[in-house]
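# Survey of secondary and tertiary structure
Residues per chain are reported as follows:
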Amino acid sequence: MFPNSSNLGCSPFPPKHQQQNIFFNKLPVNIPPTLFSNQQIIDAQISFQNAAVNLATAVIPQTLTYGNGSPVHTSSAPVSFRGRKRLSEQSVPYDVKRQRFDSPHHETTVVNLAVPLPEEHTYSFPSSTPSPLFNTRYVPDLSVCVPPLQDSSFPYVTEITLPVAEDKLSQQVLELFQLCQQQTSDLNKKELCRIELQREIQRIFPKSRLFLVGSSLNGFGTRSSDGDLCLVVKDEPVNQKTEARHVLSLVLKLFTTKLSCYIERPQLIRAKVPIVKFRDKVSCMEFDLNVNNIVGIRNTFLLRTYAYIEKRVRPLVVVVKKWASFHDINDASRGTLNSYSLVLMVLHYLQTLPEPILPSLQKKYPESFDPTMQLHLVHQVPCTIPPYLSKNESSLGDLLIGFFKYYATEFDWSHQMISVREAKAIPRPDGVAWRNKFICIEEPFDGTNTARAVHEKQKFDFIKNEFFRVNIASDVIFPVTLVFKIIIKRMVIEPACF
């Protein structure tokens, strides 16, 4: 896909650590990940070099193709605008959000042809000091930021462990989950794009690392999830209004010049955490790239741990996300809930049941989720946490109905804040950042409000009404199953949208 492809590197686990941690061979795997072999990388490098010669000597630009030979069109002019997320449904074909991992279980991957990138100026920040994160003597490759799920110590899991569905609603929840969950091929495309982008960006910022974060990696990804990328340029916090925007402006320039043959629609969005949105023309994947939003790396693996310690969590979360998207309450750019907030809402509900299905991982394993832990260790956490054995045997259907009931009638939106860190609803803070907020959901690491996009009463009422509509129905199963049938029917007709 990109020129000068490098090897993915080895597993971040030393052999001794692999022998001591066998939890992942029992975990339900979201999708079997892929590591590319040395021969695949060499073949890719050869194809890149040949492509460079062909493209450099051609009089007329060639139309790039990928895989089955479908053409890749030239990119449109870059756009820079103020606002959040998407501008319209037309510009972004996917309806949910983001996430990646590596594995020796390989799958053939075809790479795109691109012109080699000439030498560029390199940049660094003043007053930056060397840190353990970017220590040149550090052996593990930080680009491999998810524990391997298959090697000699981690046998490949051929069957995904899912809860037994004995009632109609539970069966439909499982059916919808299995149709929507992220596919291996999608994850491979995101990972390959990340690898090659990291190599190109490192020509400008040599010590930087590019992480795939969010739903693609946290276990709650769907077929329509975008790829979230976090570019870490230094281990210190950066000013998002100045430093981050400067870095993104250089990345945007790279996308619109040297990499324009396979990156299209790059857009610099000046939000609270500015991002560059773009589309990879080869994989047809949408990506959001931020700078040093390190909390996103930490919460990715916190959520990943929650996703796999109890087998009912992933189906329930994915179905709630699809329900919310279907009812137009899952789009922060339109003043409703982002996917991260919806995930936290489900986790919070499962923590607050009379017989909890989930604990607070941060309270139960404080050292494993220490917010000061070095980034190159964060990815190891999920394989060190054992499954949670709950005495609650509620079915997926019962839990889904209970979720709607909890937020329709039990949770006090005016005075309470959702806290997965505390595993309970806590009083709303009195700080300025929390005043006049209609929904308060605590980010588990930095304590900010993940639902701050809901700042209009009209949108808040609209969100609440969707919960009420399900809860007050005389037969609560009917409207939910009807929605599922409509979604499943649309998935058969328009699979690319899901």
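Worth saying up front: this structure is predicted, and the values here are computed from it rather than measured.

The rules behind these values
- Residues numbered from 1 in each chain as written.
- Predicted model: local features only at pLDDT ≥ 70, side-chain atom pairs only at ≥ 80, totals over all residues.
- Heavy atoms only, no water.
- Helix = DSSP H or I, 4+ residues; strand = E, 2+ residues; numbered from the N terminus.
- Buried < 20%, exposed > 50% of the residue type's maximum accessible area, 1.4 Å probe, protein only.
- Areas by Shrake-Rupley, 256 points an atom, 1.4 Å probe, with all protein chains shown as cover.
- Axes fitted to C-alpha atoms, helices over the stretch in contact; angles between N-to-C directions.
- Parallel < 35°, antiparallel > 145°, perpendicular 65-115°, else oblique.
- Left-handed = near helix turned anticlockwise from the far one by under 90°.
- Contact = heavy atoms within 4.5 Å.
- Nonpolar A, V, L, I, M, F, W, Y, C, P; charged D, E, K, R; others polar.
- Expected span 1.5 Å × (residues − 1).
- Salt bridge = Lys/Arg side-chain N within 4 Å of Asp/Glu carboxyl O.
- Polar contact = N/O pair within 3.5 Å; in protein donor to acceptor, adjacent residues only side chain to side chain.
- Pairing = 2+ DSSP bridges.
- Arc of directions from axis to C-beta.
- pLDDT = per-residue confidence, 0-100.

## Re the overall build of the chain
Looking only at helices and strands, the chain features 14 helices and 10 strands. In the chain, buried positions account for 55% of the 498 residues. Of the accessible surface of the chain, which amounts to about 21,600 Å², a share of 54% is contributed by carbon and sulfur atoms.

## What to know about the packing of helix α8 (residues 313-326) against helix α9 (residues 339-351)
Between α8 and α9, the shortest axis-to-axis distance is 10 Å and the interhelical angle comes to 135°. In terms of their interaxial angle, α8 and α9 are classed as oblique. Judged by the sense of rotation from one axis to the other, the crossing of α8 with α9 is right-handed. Touching V313, L316, V317, V320, K321 and A324 of α8 are S339, L342, V343, V346, L347 and L350, all from α9. Looking at the contact of α8 with α9 residue by residue, the classes come out as 10 nonpolar, 1 polar and 1 charged.

## Structural notes on α8
In this model α8 runs 20 Å from its N-terminal to its C-terminal C-alpha over 14 residues, within 8% of the 20 Å that 1.5 Å per residue would give. Summarising burial for α8: 13 of the 14 residues are buried, a large majority.

## A closer look at the pattern of salt bridges
Applying the stated criterion to the full structure yields 15 salt bridges. Close ionic contact of E236 with K234 constitutes a salt bridge, the shortest N to O distance being 3.6 Å. Judged by its relative accessible area of 23%, E236 is partly exposed. The class of K234 is buried, set by a relative accessible area of 8%. Residue R279 is joined to E264 by a salt bridge in which the shortest nitrogen-to-oxygen separation is 2.3 Å. Of this pair, R279 sits in strand β7 (residues 275-280) while E264 sits in strand β6 (residues 263-269); the two residues are 15 residues apart in sequence, bridging distant segments of the chain. Overlapping salt bridges bring together E264, R265, R279 and E286 as one network.

## Brief notes about the side chain of Q351
Topologically, Q351 is positioned in helix α9. Separated by 3.2 Å, the side chain of Q351 and the backbone oxygen of V420 make a polar contact. Leave out the neighbours within four places in its chain, and Q351 touches Y306, P356, L358, P359, S360, S419, V420 and A423.

## Notes on the pairing of strand β10 (residues 424-427)
Bridge analysis of strand β9 (residues 416-419) against β10 gives 4 bridges, and the strand direction is antiparallel. Its bridge partner being in β10, I418 is matched across the sheet by A425. Connecting the antiparallel pair β9 and β10 is a turn made up of 4 residues, with A423 showing a positive phi of about 60°.

## Examining helix α13 (residues 457-471)
Between the first and last C-alpha of α13 there are 21 Å, a value that for 15 residues agrees with the 21 Å anticipated at 1.5 Å per step. Taken as a whole, α13 has its buried residues at F460, I463, E466, F467 and V470. Across the axial projection of α13, the buried residues extend over an arc of 120°, all falling on one side. When the buried face of α13 is taken as reference, the exposed residues oriented beyond 90 degrees from it are Q458 and R469.

## Some thoughts on the confidence of the model for the chain
In this model, the chain carries an average pLDDT of 74, and 62% of its residues clear a pLDDT of 70 or more. Helix α1 (residues 15-20) is the least confidently modelled element of the chain, averaging 38 in pLDDT, while α9 averages 98, the highest of any element. The low-confidence segment residues 3-38, where pLDDT is below 50, has 126 contacts with residues more than four positions distant or belonging to other chains.

## Comments concerning the pairing of β6
Along β6, 6 of the 7 residues are buried, which leaves the element largely enclosed by surrounding structure. Across 5 bridges, β6 lies against β7 in antiparallel orientation. When the sheet's bridge partners are listed, Q267 is paired in β7 with K277. In textbook terms, the turn of a hairpin is the stretch between consecutive antiparallel strands, and for β6 and β7 this stretch comprises 5 residues.

## Considering the environment of G221
By the element assignment, G221 lies in the loop between α5 (215-218) and β5 (227-232). In contact with G221, not counting residues within four places along its chain, are C180, Q181, Q182 and S215.

## What about the environment of L254?
Mapping L254 onto the fold places it in helix α6 (residues 243-256). Residue classification places L254 among the buried residues on the basis of a relative accessible area of 3%.

## So, the environment of Q240
Note on placement: Q240 falls in the loop between β5 and α6. Expressed as a C-alpha distance, the spacing of Q240 and V291, which sit 51 residues apart in the sequence, is 7.9 Å. Leave out the neighbours within four places in its chain, and Q240 touches R245, K272, V273, P274, V291 and N292. Engagement of the side chain of Q240 in a polar contact is seen with the backbone oxygen of V291, the distance being 3.0 Å.

## Focus on unusual backbone geometry
Even without a glycine there, the phi angle at A423 is positive, about 60°. Mapped onto the elements of the fold, A423 is located in the loop between β9 and β10. For N436, which is not glycine, the phi dihedral falls at a positive 60°. Topologically, N436 is positioned in the loop between β10 and α13.

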